[in-house]
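# Overview (structure and organization)
So you can see what is in the structure, the chains are spelled out below.
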Amino acid sequence: MAEVMNETKTTPETAGDDIIVVKDLKKYFPTATNFFGKALGYVKAVDGVSFTIKRGTTMGLVGESGCGKSTTGRTLLRLQDKTSGEVLFNGVDIFSLSKEELRKMRPRIQIVFQDPFSSLSPRLPIGEIIGEAVREHGIVPPEEYDDYISRIMKACGLQEYHKDRYPHEFSGGQRQRICIARALALNPEFIVCDEPVSALDVSIQAQIINLLRELQQEFGLTYLFISHDLSVVEHISDTVGVMYLGNMVEYAETDELFANPLHPYTKALFSAIPIPDPDAQMNRIILEGSIPSPANPPSGCKFHTRCSECMEMCKHCQPEYREINPGHFAACHLYNTPEMNAKFEAEAAKVAEDKKKAVSEGKQVEAVEKAK
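Everything quoted here is computed from the prediction, not taken from an experiment. (Residues numbered from 1 in each chain as written. Predicted model: local features only at pLDDT ≥ 70, side-chain atom pairs only at ≥ 80, totals over all residues. Heavy atoms only, no water.)

### Some details on the sheet that holds strand E4 (residues 84-89)
Read across the open sheet, the four strands follow the order E2-E1-E4-E5; overall the sheet is antiparallel. Looking at strand neighbours, the two that pair on one side only are strand E2 (39-54) and strand E5 (92-93), the edges of this open sheet. Pairing between strand E1 (residues 18-33) and E4: five bridges, direction antiparallel. For Lys26, the partnering residue across the bridge sits in E4 and is Ser84. Contacts from helix H2 (residues 69-76) reach E1, E2 and E4 within the one sheet, and its direction differs from that of E1 by about 115°. (Pairing = 2+ DSSP bridges. Helix = DSSP H or I, 4+ residues; strand = E, 2+ residues; numbered from the N terminus. Contact = heavy atoms within 4.5 Å. Axes fitted to C-alpha atoms, helices over the stretch in contact; angles between N-to-C directions.)

### Topic: the sheet that holds strand E9 (residues 239-244)
Strand order in the open sheet made by the eight strands is E6-E7-E8-E3-E9-E10-E12-E11, with mixed pairing throughout. The open sheet terminates on both sides in strands that have one partner only, identified here as strand E6 (109-112) and strand E11 (321-325). Taking the axes of each pair of neighbouring strands and ignoring which way they run, one obtains an average angle of 20° across the sheet. Pairing of E11 with strand E12 (residues 328-331) involves four bridges; the strand directions are antiparallel. Paired with Tyr321 across the strands is Ala331, a residue of E12. The strands touched by helix H7 (residues 202-219) are strand E3 (58-62), strand E7 (190-194) and strand E8 (222-226); relative to E8, the strand with the most contacts, the crossing angle is about 160°.

Here it is in structure tokens:
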């Protein structure tokens, strides 16, 4: 089975280690437009995200609701247009492809959605749901179609007699297996798993996670695994990226990140992971306030409004996203070099002086108006 699935993947463009390279990806949604259709404001859902995913590995993407995780996953699959940036799949810029070229690439980049029930057509039997795109893209010859669908279903823990049943006849875990089988049937190389277990019971979550790992080993798949559950991410991921308000604030290998989190936001997230020991002391870091609006993010570091280690430069200067330790990236002023500190302090002082001057000029204008 694995040989059949992998036989089309030996192309010259797959020689590199990095299957996905994302460079400064941005996705803005207009909040309102004027009479001429020009945007008056934007929700900056993804605001300059960069990362790479090595072939055959899993990258976890974590963060609070509304931080841009799902938008990142959908944009890098070109399910929605980008605002700017690059997404390279096997060295090819996905957004530079024509419609016909993109259609040929589609089977190789797939997604498993969060809600298995709403992502399945209620009017089609399971065999047709899994096989519809297989037939459309000509993945296998017509005479092999039925056996191929049966093998895919078996690999995902489904029985052949399930082909004629409809989605409402299955449990949540079985429906997610159907979604995984639908993605796997197209012989993909890369799959975005958009919170695939968040709607399932804990015991079923473990089964789906184990299924994903088994399929990855058997078929050489690469995953972007989006989730809120840090314990699940630690279990399945090789690398982890942490997002906050549209930005990547930290990225490293899983063991390194969980052992040595650098960014204050990452530390706060990890402090909320439950410890299975009733006598253990929980050192929770409580974040004050709520997430600022992505339509009107704060200046400087977007996290400074909730950060207990906030400095003056954090309020005015956006930190550089850079490599702090080998393979460990973070965007935080706490890890600036002395030269960077001098630069940012001067910049923050200038911004503060400009604001003070603007306030002073405003008061003078107000005083003149009152005198009149």
